[in-house]
Amino acid sequence: EPEVTQTPSHQVTQMGQEVILRCVPISNHLYFYWYRQILGQKVEFLVSFYNNEISEKSEIFDDQFSVERPDGSNFTLKIRSTKLEDSAMYFCASSLAGRETQYFGPGTRLLVL
Amino acid sequence: AQTVTQSQPEMSVQEAETVTLSCTYDTSESDYYLFWYKQPPSRQMILVIRQEAYKQQNATENRFSVNFQKAAKSFSLKISDSQLGDAAMYFCAYPNSGTYKYIFGTGTRLKVLA
């Protein structure tokens, strides 16, 4: 069964460093999302991406964040200058159509020191 | 604003018993989907069940079923014959109209007692 994959599974970085989180969505899916979950808290939406552009971004998704789909298969989330409060689990998700089920990757656990 | 509310931060159930997790939501739409996801300690988000609002029939997936009350905007999850492996956080989710981002509830932690 197709699945969403994410790399790395864990990342430790120093405050102020750049990180790139990578995702490979399910191959025929058209809608892509990033969410994050700070430990013990709810899952929060970051950004949605469709037709090679951002369709919506949350207040969290400020200028430090960017997304890219560089080659038709990967979907990346870049944090330019990490802050302590960026420590969280980051989930990538994809869906075939807008209202269809979103399938989540296993997440990347980011720790900013 | 579209909101999703899970009023039970934590629930416990004896193994083999039945438990119901509550979820209410607010929307002005008439046609939409609702989802329950399970998050075990690994923190992977796993789809449990999906309900389409235009369907009268409540969705079922093996031991999991929903009680969907459209007028009341209620979408509860019933787990029958609970197993130790059901212990997890359970999130109710609603896809926002337009960009279809999920709006998640705050989650219910389910403990299964042997």
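If you're wondering where the values come from, they're calculated on a predicted model, not measured in any experiment.

Participant: Looking at this structure, how should I read the overall build of chain B?
Facilitator: Along its length, chain B carries zero helices and 12 strands. A globule of 114 residues ought to have a C-alpha radius of gyration of about 13 Å, and chain B, at 14 Å, matches this closely. The C-alpha extent of chain B, read off along each of the three principal axes, is 45 × 25 × 20 Å. By the burial criterion, 52% of the 114 residues in chain B qualify as buried. Sequence separation of at least 24 residues holds for 54% of the intrachain contacts in chain B that already meet a minimum separation of 6. If you sum the accessible surface of chain B, you get close to 5300 Å²; carbon and sulfur atoms cover 46% of it.

Participant: What is the right way to read the state of the cysteines from this model?
Facilitator: The bond known as a disulfide is covalent and runs between the sulfur atoms of two cysteines. Counted by the stated rule, this structure contains two disulfides over all chains. Linked covalently through their sulfurs, Cys-23 of chain A and Cys-92 of chain A form a disulfide whose S-S length is 1.9 Å. Judged by the torsion about the S-S bond (-60 degrees), the Cys-23 of chain A/Cys-92 of chain A disulfide is left-handed. Note that Cys-23 of chain A is positioned in strand β3 (residues 19-24) and Cys-92 of chain A in strand β9 (residues 88-95), a separation of 69 residues in sequence. No difference in accessibility class separates Cys-23 of chain A from Cys-92 of chain A, as the two residues are buried. In this model Cys-23 of chain B forms its disulfide with Cys-92 of chain B; the gap between the sulfur atoms is 2.0 Å. Residues Cys-23 of chain B and Cys-92 of chain B share a disulfide whose torsion about the S-S bond is about -70 degrees; that sign makes it left-handed. On the criterion of sequence distance, the pair formed by Cys-23 of chain B in the loop between β3 (19-21) and β4 (24-26) and Cys-92 of chain B in strand β10 (residues 88-95) is long-range, its members being 69 residues apart. A relative accessible area of 1% means that Cys-23 of chain B is categorised as buried. According to the relative accessible area criterion, Cys-92 of chain B is buried, its value standing at 0%.

Participant: I tried to follow the interface of chain B and chain A on my own but got confused; where do I start?
Facilitator: When the parts of a complex come together, some accessible area is lost, and that lost area is often used as the size of the interface. Each partner contributes residues to the interface: chain B has 23 residues there, and chain A has 23 residues. Here chain B and chain A share an interface that buries about 2100 Å² over both sides, 52% of which is from carbon and sulfur atoms. In this structure, the connection of chain B to chain A is made through three salt bridges. Across the salt bridge formed by Glu-56 of chain A and Lys-101 of chain B, the nearest N and O atoms sit 2.7 Å from each other. Our enumeration of links across chain B and chain A arrives at 13 residue pairs in polar contact (both at pLDDT 80 or more).

What counts and what doesn't
- Residues numbered from 1 in each chain as written.
- Chains lettered and ligands numbered in written order.
- Predicted model: local features only at pLDDT ≥ 70, side-chain atom pairs only at ≥ 80, totals over all residues.
- Heavy atoms only, no water.
- Helix = DSSP H or I, 4+ residues; strand = E, 2+ residues; numbered from the N terminus.
- Rg over C-alpha atoms; globule rule 2.2 N^0.38 Å.
- Buried < 20%, exposed > 50% of the residue type's maximum accessible area, 1.4 Å probe, protein only.
- Contact = heavy atoms within 4.5 Å.
- Areas by Shrake-Rupley, 256 points an atom, 1.4 Å probe, with all protein chains shown as cover.
- Disulfide = S-S within 2.5 Å.
- Buried area = accessible area lost by both parts, 1.4 Å probe.
- Salt bridge = Lys/Arg side-chain N within 4 Å of Asp/Glu carboxyl O.
- Polar contact = N/O pair within 3.5 Å; in protein donor to acceptor, adjacent residues only side chain to side chain.

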